[in-house]
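One-letter residues, chain by chain:
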Amino acid sequence: MQCVVTGGNVKVLAKAIHSLSRIGDELYVEPQEDGLALRSVNSSRSAYACFLFAPLFFSRYSIPDGRNFRCKIAIKSVQSVFRSLATLEKTVEKCHIELNEQKDRLTFTLHCKHGLLKTHNLSYQDSESLQAVFDKDTCTNEFRAQPRVLVDTVAHFPPSLEEVTVTVSDERMWVRNHVEDETERSKAMLTELCLASDEFDHFVVKTPNSVTFCLKEFRGLLVFAESSNLPVSMYFDEPGSPVVLSVTDGVLEGNFVLATLSDDPSLPKNKSKGAHAPPSPPPDDFMNDDMDSYLIAMDTSVASGPSTAGPSASTLTDPCTSKLPEANHRTRTHSEEEEEEMEDGSDRPPNKKFRSLFFGSVFPPSPKISTQPVTTQEVLASDSEDES
Amino acid sequence: MKFRGKIVDVACLNHFTRVVTTISKLTKTCVLRLNPDNLFFVLSGKVANGGVSMWCELSQANFFDEYQMEGVSPENNEICLELAPENLSRALKTIQNAKSVKVKLTKKHCPCLTVCAELPTLSSISRVVTHDVPVDVIPKRLWHEFKEPSVPDYDVSIYLPPLKTIKNVVDRMKNLSNFLVIEANMNGEMNLKIETDLVSVTTYFKDLGNPPWGDGASQDGGPTQSRDPDSMAEARVDVRKLQQFLVGQQVNPSKSMCSEFICTSSTSVTKVSPKAGGACPSLHPRYRPSECPPPDSAA
């Protein structure tokens, strides 16, 4: 694999890596046919981010033929390659990323002014492909705004705040800080911000709803969006299913998938039908639910080469391919769960539950699942239906 | 009990924010007293907070374009709230460019001081942000704890050099000792002293000037008049408390003043805001409760 990045794109790449570093400790690198994918996931697997840089982003882009290479690197060491974003733009003219197979090192070479050459040889680990399966095109609520609008919005919340709740109606979006329990509510300062729909470039609400997600990762994306001045799109359905934030231009696409709190009792404005549905009698397999149905998708990619590149490419670029039916399955699963959770809510289980996005390594996949990523999702849906 | 205020002027908002931020650096919680003419931020000296007390008086007319309030009763037309100034400061800091800011007393999930700002946007509809700062309403029977301190006859009152200068000195001295001696006389001289077994450090200031106490003022006939101008009055203060006071300075006082009263071994530091009758927080680090002159008498 060999990639050459030149000029202003070096800074774009660096910013992307910095915002990925807000998510997790490891950077997953996967050169694909359709570009270089850089991904990261947080330790609890509730947040996932992926940047795909198209071949056109690079002045040269070549990937090894025949075999699929992918690896993970400690994100700290990649960050140190691109330390000091301010000077990077002025001094670095070209950046080579090369795989040194003899030494098993990924080599970053920065060609700076005055012929200065900085070479970083980073060790890596082989890894499975990391791919959250999400489909933003089926999301019923869709927004797009200039980064400044959102940066100004989150600026009202303290840096220590973990989660925000976003509520939407036909014409407005409310953003407020999420406070865990009642005792905290009486002490904590509550902040609420109301944005009118015409502050957005695009504002479509089909299901007025409210979702709660982590602010830190959202800020990570905003840092990138602001520096590259790309509008941010936001997609979500209902509490419990992920919110997808994305930036895109001709040569790159960034997607941040953040889990949302599955049930938010603190929200009186929650209009989600699922949340108010009459409780069905679920068995006491609350914990089992956690395992299976919280998992949005799993792509362990034991399967080789092309099949791994396939799903990621289609999720990222193709609007509606074979994903649609699965997504519907998924949605149904979640709304059923919603009812169960409400019921469970009466005797107060832990009310903070983010659904994890995928568990390639955390939960050992069942034999059925591990074979084919596509069947994964179908199995997943039918599994949880069996349970409820 | 009702309260509603509106700030439109950016300079007023900015000034109010700086006052609140300064207070938030001094204390985690304080009391906000509202009456038809003034707002007071009060910290009454208790053992729990190291005997530091604070009295900050703001004339509402200097800050608010609209100000309406209704106290607990017509006879006691006041409202007394306990709040975390940090919250209020944070709420105000993010809305510095607001078109208008309303401050209201509201009953939400708990009693709140709601700061509601209208922010400019590119679209036709303004963006509205509300911060609900939780407050505790203080019952009338406890109000006496938050009364304006009465004025003792100080032995010495002196204008301080720029607080930044003092801060630099105190920051260094802090590493040497936990206590610092402030001594001053009526001849415009002040010394900051550290004395330990190993080292003695003194920083000397001169030509600082002493505030004149008018004939009718409470100081008339007090110990100040009969004092030898060269004799020093001294007080020992906790360095960290003094430093905390110096660190949080955001009000840019035109004058600050230190008064000492030997008998109670106390010191009070008073700042007078550049805006006459504006913000006048004062801090009294000491070991025993004592009082400081009302800020306006020093102006």
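Residues numbered from 1 in each chain as written. Chains lettered and ligands numbered in written order. Predicted model: local features only at pLDDT ≥ 70, side-chain atom pairs only at ≥ 80, totals over all residues. Heavy atoms only, no water.

- As recorded in an unreviewed UniProt entry, chain B goes by Checkpoint protein and comes from Oryzias latipes.
- According to the UniProt record, the Sequence similarities (unreviewed entry) comment for chain B is "Belongs to the HUS1 family."
- Its UniProt record gives chain B a comment under Subunit (unreviewed entry), which states: "Component of the toroidal 9-1-1 (RAD9-RAD1-HUS1) complex, composed of RAD9A, RAD1 and HUS1. The 9-1-1 complex associates with LIG1, POLB, FEN1, RAD17, HDAC1, RPA1 and RPA2. The 9-1-1 complex associates with the RAD17-RFC complex. HUS1 interacts with POLB, HDAC1, FEN1, PCNA and RAD9B. HUS1 does not interact with RAD17. Interacts with DNAJC7." (UniProt positions renumbered as here; feature names shortened; annotations may be inferred.)

- An unreviewed UniProt entry lists chain A under the name Cell cycle checkpoint control protein, with Oryzias latipes given as the organism.
- Per UniProt, chain A carries the Sequence similarities (unreviewed entry) text "Belongs to the rad9 family."
- The record in UniProt for chain A states the following under Subcellular location (unreviewed entry): "Nucleus".

Description of the interface of chain A and chain B
Next, step 1: In this complex, chain A contributes 21 residues to the contact, which on the side of chain B involves 20 residues.
Next, step 2: Buried surface at the junction of chain A and chain B, summed over both partners, amounts to about 1600 Å²; 53% is from carbon and sulfur atoms.
Next, step 3: Between the two partners, chain A and chain B, sit one salt bridge.
Next, step 4: For Arg-127 of chain B, the salt bridge goes to Glu-199 of chain A, with nearest N and O atoms at 2.6 Å.
Next, step 5: Listed by contribution, the elements that provide at least two residues to the side of chain A that touches chain B are helix H4 (147-154) and strand S14 (190-196) of chain A.
Next, step 6: With seven residues, S14 of chain A is the largest single contributor of residues to the side of chain A that touches chain B.
Next, step 7: For the side of chain A that touches chain B, the residue count by class is 10 nonpolar, four polar and seven charged.
Next, step 8: With five bridges connecting them, S14 of chain A and strand S9 (residues 127-134) of chain B associate as antiparallel partners. In the strand pairing of S9 of chain B, Leu-190 of chain A is matched with Asp-132 of chain B. (Contact = heavy atoms within 4.5 Å. Buried area = accessible area lost by both parts, 1.4 Å probe. Salt bridge = Lys/Arg side-chain N within 4 Å of Asp/Glu carboxyl O. Helix = DSSP H or I, 4+ residues; strand = E, 2+ residues; numbered from the N terminus. Nonpolar A, V, L, I, M, F, W, Y, C, P; charged D, E, K, R; others polar. Pairing = 2+ DSSP bridges.)

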